[in-house]
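# Coordinates in review
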Amino acid sequence: MKSILVTGGAGFIGSHTVVELHHAGYLPIIIDDFSNSHPKVLEGIEEIIGQAPIFYEGDCKNPIFLRSVLDQHPELEGCIHFAAFKAVGESVENPLKYYHNNIGSLANILSEMNRKEIHQLVFSSSCTVYGQPTKLPVEEGANIHSANSPYGYTKQVCEQMIRDLQSSGTPISSVILRYFNPIGAHSSGKIGELPLGTPDNLVPFITQSAAGIRGGLTIFGSDYSTPDGTCIRDYIHVVDLAKAHVSALKWTSKNPSKCEAFNIGTGEGKSVREVIDTFQKVNGIELNVKLGERRLGDVEQIYASGEKARQVLNWEPELSLADALADAWCWQQNLSLQE
Ligand code: UFG
């Protein structure tokens, strides 16, 4: 059984990936500092996989901590690096927090991987690296424009750091996954998204509104040049996204000393209005929705070309927007029951 380090493994995408790694026969070893997650997530993982996951609490910015974890696991063969901050608005207000954490942690991880001769890496990137693309669906070879936020810039720098390391002759094989908009939850309802405070993202805001935790839902802008005037995104079920990490890991084991970036989305753009309508329909709930101003920094529309991931990683999404919104609501209801 191959051991894989999963930094940020108690987070939204990390926890679902831990489950899929287990199902695929890997042994995930989790690091998380709970800065944007909760220890209860580990219980949810345990209930799904039937055993407590191996876990170390700590911060990847701390090289001594990282070194001690890797020294305890000489059998590690790869790393999936999620641990990073991801709130666009917060990164504008507090850029150094993002530079220290997102860039510092990756530099530490790569140094430690080098020291321990661990050569397989899967890195969490974002479609934010494209900004507003000129051609849709966006392909991996599209021009990378200057970033809209410090958060976006950290992802660009991290991608470059990995490429530079690979170009230097270090025998590392890496996959950069550029996520589109991850949503949904595990179908068991035992793990899901756990935003701390008021959610920034659309789907957790919808589920919290439906649960009566938030007031009405505001659509940020209805005068865009899109068919219904609202922004378009590519919403990918988190379980499909988690499975993409397993496919990526397999690719790294077969392609030594290579580095490739892949879009991970559905290939289909859905508007904010369509997401709200689908949520209402699939869950039989009426939301209190109002139209508001555009949100600063939003791109009008972006959705992925999934061709490269399909052809090279042999991965494609299996779940629909309706599946994701039903699972997200099931998770929200379980959370509300626990409180
Ligand atoms: N939206 C609303 N009302 C809300 C929340 C969101 O109308 O209450 C709209 C946004 O304006 C946007 C769409 O819903 O048009 C999706 O917004 P999200 O915040 O859910 O997602 P983003 O596309 O803005 O951001 C996501 C990730 C970021 C990443 C970015 C890349 O959360 O980490 O995609 O495009 F950088």
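Everything here concerns the structure above.
Summary of the structure given here. Just so it is clear, the structure is predicted and the values come from calculations on it, not from any experiment.

Parameters at a glance
Residues numbered from 1 in each chain as written. Predicted model: local features only at pLDDT ≥ 70, side-chain atom pairs only at ≥ 80, totals over all residues. Heavy atoms only, no water. Buried < 20%, exposed > 50% of the residue type's maximum accessible area, 1.4 Å probe, protein only. Helix = DSSP H or I, 4+ residues; strand = E, 2+ residues; numbered from the N terminus. Contact = heavy atoms within 4.5 Å. Pairing = 2+ DSSP bridges. Axes fitted to C-alpha atoms, helices over the stretch in contact; angles between N-to-C directions. Core = buried A, V, L, I, M, F, W, Y, C linked by side-chain atoms within 4.5 Å.

## Let's talk about helix H7 (residues 202-210)
In terms of burial, H7 is largely enclosed, as eight of its nine residues are buried. Of all the positions in H7, only Leu202, Val203, Pro204, Phe205, Ile206, Thr207, Gln208 and Ser209 are classed as buried. Taken together, the buried residues of H7 touch strand S7 (181-183), strand S8 (217-220), strand S10 (235-237), helix H9 (272-283) and helix H11 (321-338).

## Regarding the sheet that holds strand S6 (residues 173-179)
One open sheet accounts for seven strands, arranged S3-S2-S1-S4-S5-S6-S11; its pairing is parallel. Each having just a single partner strand, strand S3 (54-57) and strand S11 (259-264) make up the two edges of the open sheet. Neighbouring strand axes in the sheet, compared pairwise and without regard to direction, differ in orientation by 20° on average. Pairing between S6 and S11: six bridges, direction parallel. Across the sheet, arginine 178 pairs through a bridge with asparagine 263, a residue of S11. Docked against the sheet, helix H6 (residues 150-167) engages strand S5 (120-126), S6 and S11, running at close to 155° with respect to S5.

## Considerations on the nonpolar core
Of all hydrophobic cores here, the largest spans 37 residues; its most connected members are Ile45, Leu177 and Ile264. If you list the elements that add at least two residues to this core, you get strand S1 (3-7), helix H1 (12-23), helix H2 (40-49), S6, helix H8 (238-254), S11 and helix H10 (307-313). Apart from residues no more than four positions distant in its own chain, isoleucine 45 is found in contact with Gly9, Ser15, Val18, Val19, Ile30, Gly50, Pro53 and Ile191. Of all hydrophobic cores here, the second largest spans 27 residues; its members include Cys60, Leu76, Ile103 and Leu121.

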